[in-house]
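# A structural walkthrough
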Amino acid sequence: MFERYYRELLGFLSLRLRDRDTAADLAQESYARVYASERAGTPVRDPRALLYATARNLVIDHHRRSQVRGGNAEPATDDAPLDPDEHAGPSAHEPDNVLETRQRFEALAAIVDSLPPRCREVFLLVRIDGLSYAEAAAQMGIAVKTVEMQMKIAMDACWERMERLDSRDAPAPRPARRSRAR
């Protein structure tokens, strides 16, 4: 989780605080609180959302403490204009990309659900649980060659579905113009 969201969270906090050192401290504190929450047994369904909510609360607390101490609660202003692209989150979080990713996931889930039971079990053991072909074969009591064959069937079905999705999203080819004989 740390590697995935740290730079994004640091950019978010830096934009609000205009102080990179304080932003780094609050990012670290945000992670510490989320980890503490997980260790305490609180289920965390969306760690990114919890990180941002925690960070926002820490920014508010920081501004309140600054006011109490007589400091300036407003972020420092620079004369240089802000570049929104510099502080934007990753493109993976843009609505169009999120929708496309969700549609692709749902299409793959439907394919996996439609596989024959043995094929589906092999696919889940290998791709989701991370077992080797030999481990999956031993767990299911089948030959490694059978696991290979079932994985090929499952992967072919997934690739075929993804190709259909990709071709649906691609612009339709323009029909060739017929030349008239004169």
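All values reported here derive from a predicted model rather than from experimental measurement.

Here Ser30 is to be found in helix H2 (residues 20–39). Take Ser30: its relative accessible area is 0%, and that puts it in the buried class. Leaving out residues up to four positions away in the same chain, Ser30 has contacts with Leu9, Leu51, Thr54, Ala55 and Leu58.

Okay, the environment of Ala27 next. Residue placement: Ala27 occurs in helix H2. When the C-alpha positions of Ala27 and Tyr6 are compared, they lie 7.4 Å apart, and in sequence the two are 21 residues distant. Excluding anything up to four places from it in sequence, Ala27 contacts Tyr6, Leu9 and Leu13.

Our next topic: the packing of H2 against helix H3 (residues 47–68). When two helices pack together, their arrangement is given by the angle between the helix axes and the distance between those axes. Contact geometry for H2 and H3: axes closest at 9 Å, N-to-C directions at 130°. The angle between H2 and H3 falls in the class oblique. The chirality of how H2 crosses H3 is right-handed. Together, Thr22, Leu26, Glu29, Ser30, Tyr31, Arg33 and Val34 of H2 and Leu50, Leu51, Thr54, Ala55, Leu58, Val59 and His62 of H3 make up the contact between the two elements. Per-class residue counts for the contact of H2 with H3 are eight nonpolar, four polar and two charged.

Glancing now at the confidence of the model for the protein. Summarising the model, the protein shows a mean pLDDT of 78, and 77% of its residues fall at 70 or more. When the elements of the protein are averaged for pLDDT, helix H4 (residues 84–87) gives the smallest value, 52, and helix H7 (residues 133–140) the largest, 95.

The phi dihedral of Arg18 is positive, around 60°, even though this residue is not glycine. Here Arg18 shows up in the loop between helix H1 (2–17) and H2. What makes Arg18 partly exposed here is its relative accessible area of 34%.

The full count for this structure, using the stated rule, is five salt bridges. The shortest N-O distance in the salt bridge between Arg33 and Glu29 comes to 2.8 Å. Of this pair, Arg33 and Glu29 both sit in helix H2, separated by four residues, roughly a single helical turn. Residue Glu29 is classed as partly exposed on the basis of its relative accessible area, which comes to 33%. Taking the shortest distance from any N to any O, the salt bridge between Lys152 and Asp156 comes out at 2.7 Å.

Within the structure shown, the criterion is met by three aromatic pairs. Each ring, one from Tyr6 and one from Tyr31, has its centre 6.3 Å from the other, and the planes form 40°; the classification is tilted. One end of the pair, Tyr6, is in helix H1; the other, Tyr31, is in helix H2, and 25 residues separate them in sequence. Note on Tyr31: relative accessible area 3%, which makes it buried. Residues Tyr31 and Tyr35 carry aromatic rings whose centres are separated by 6.2 Å and whose planes lie at 35° to one another, so their mutual orientation is tilted. Separated by four residues within a single helix, Tyr31 and Tyr35 lie in helix H2, roughly one turn from each other.

What counts and what doesn't
Residues numbered from 1 in each chain as written. Predicted model: local features only at pLDDT ≥ 70, side-chain atom pairs only at ≥ 80, totals over all residues. Heavy atoms only, no water. Helix = DSSP H or I, 4+ residues; strand = E, 2+ residues; numbered from the N terminus. Buried < 20%, exposed > 50% of the residue type's maximum accessible area, 1.4 Å probe, protein only. Contact = heavy atoms within 4.5 Å. Axes fitted to C-alpha atoms, helices over the stretch in contact; angles between N-to-C directions. Parallel < 35°, antiparallel > 145°, perpendicular 65-115°, else oblique. Left-handed = near helix turned anticlockwise from the far one by under 90°. Nonpolar A, V, L, I, M, F, W, Y, C, P; charged D, E, K, R; others polar. pLDDT = per-residue confidence, 0-100. Salt bridge = Lys/Arg side-chain N within 4 Å of Asp/Glu carboxyl O. Phe/Tyr/Trp six-rings, centres within 6.5 Å; stacked < 30°, edge-to-face > 60°.

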